[in-house]
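Here is how the chains run, residue by residue.
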Amino acid sequence: MNVCIYRLPREESIVLPGSHCPHCDRPIKFYDNIPLFSYLLLKGKCRHCGAPISLQYPIVEGVTAFFSLLMFLRFGPSLDYFFFFAFVSGLILITVIDLFHQIIPDVVSLPGIGVGLLGSLILPHISFLASLVGVLLGGGILFLVASGYQWLFKREGMGGGDVKLLAMIGAFLGWKAVILTIFLSSLIGSIVGVLIMILKGKDFKYAIPFGPFLSLGAILALFWGEQIVRWYLMLNR
Ligand SMILES: [Zn+2]
């Protein structure tokens, strides 16, 4: 995961060269490259040159492990587990890359659309039609929002990466979850946006990447979608 996060935006190979310290370039041995444990054993420093290892590494490792466990508890040892683990891993990748580089790599989202569609044919969670409509609805809605914003304000508000990301979410979770994801990500994104405006003052030109909110919305929809919809309907009775 961390290799992809570091190398995908830099358009480097994710296979070669092997892991090396970005400071002294010395290769990292496999026993110094064990998720979480190596960070703790090395006390967050390179074995050779002592340069600090970014906290991003153990955080990404911990978050990935947490969701892996959550999905294993939900799906058990099944194909569903691997399918949704691939989905959530993709969302974590996209979130971190979008936060630091303001891009959503096509090499994650586009194959993701294919894997999601294929999964709907093999696994029982949604029908192929629900998955296909999810791709079209997810991509279509954000495409309209992005074009509308650009037409209205004469500048880009939402990137094409967000469009492809929501299409991928639709492929994995179906069109109903697309609607829920838009609702949740807009809600959370607005709250965070207002908080940042309050903290940073009125002169607010800082662009907040939307990918992390879409990813968070999709994860909430995946795990607690039914509960959230039921709770929402109860509130509006
Ligand atoms: Zn080093």
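Refer to the structure printed above.
Residues numbered from 1 in each chain as written. Predicted model: local features only at pLDDT ≥ 70, side-chain atom pairs only at ≥ 80, totals over all residues. Heavy atoms only, no water.

Draft legend 1. Structural detail: the packing of aromatic side chains. Applying the stated criterion to the full structure yields 13 aromatic pairs. Arranged with centres 5.6 Å apart and planes meeting at 85°, the rings of F72 and Y81 form a pair that is edge-to-face. A residue is classified by how much of its surface remains accessible, and Y81, at 12% relative accessible area, is buried. For the ring pair Y81 and F85, a centre distance of 5.9 Å and an interplane angle of 15° mean the geometry is stacked. Separated by four residues within a single helix, Y81 and F85 lie in helix α4 (residues 79–101), roughly one turn from each other. Through pairs of rings, three or more aromatic residues link up here, namely F75, F83, F84, F87 and F172. The ring of Y6 carries R10 above its face, with NZ or CZ at 3.8 Å from the centroid. (Phe/Tyr/Trp six-rings, centres within 6.5 Å; stacked < 30°, edge-to-face > 60°. Buried < 20%, exposed > 50% of the residue type's maximum accessible area, 1.4 Å probe, protein only. Helix = DSSP H or I, 4+ residues; strand = E, 2+ residues; numbered from the N terminus. Lys NZ or Arg CZ within 6 Å of the ring centre and 35° of its normal.)

Draft legend 2. Here's a closer look at the environment of L99. Tracing the backbone shows L99 in helix α4. With 109 residues separating them in the primary sequence, L99 and I208 have C-alpha atoms 8.3 Å apart. Sequence-distant contacts of L99, that is, excluding residues within four places in its chain, are made with P209 and P212. (Contact = heavy atoms within 4.5 Å.)

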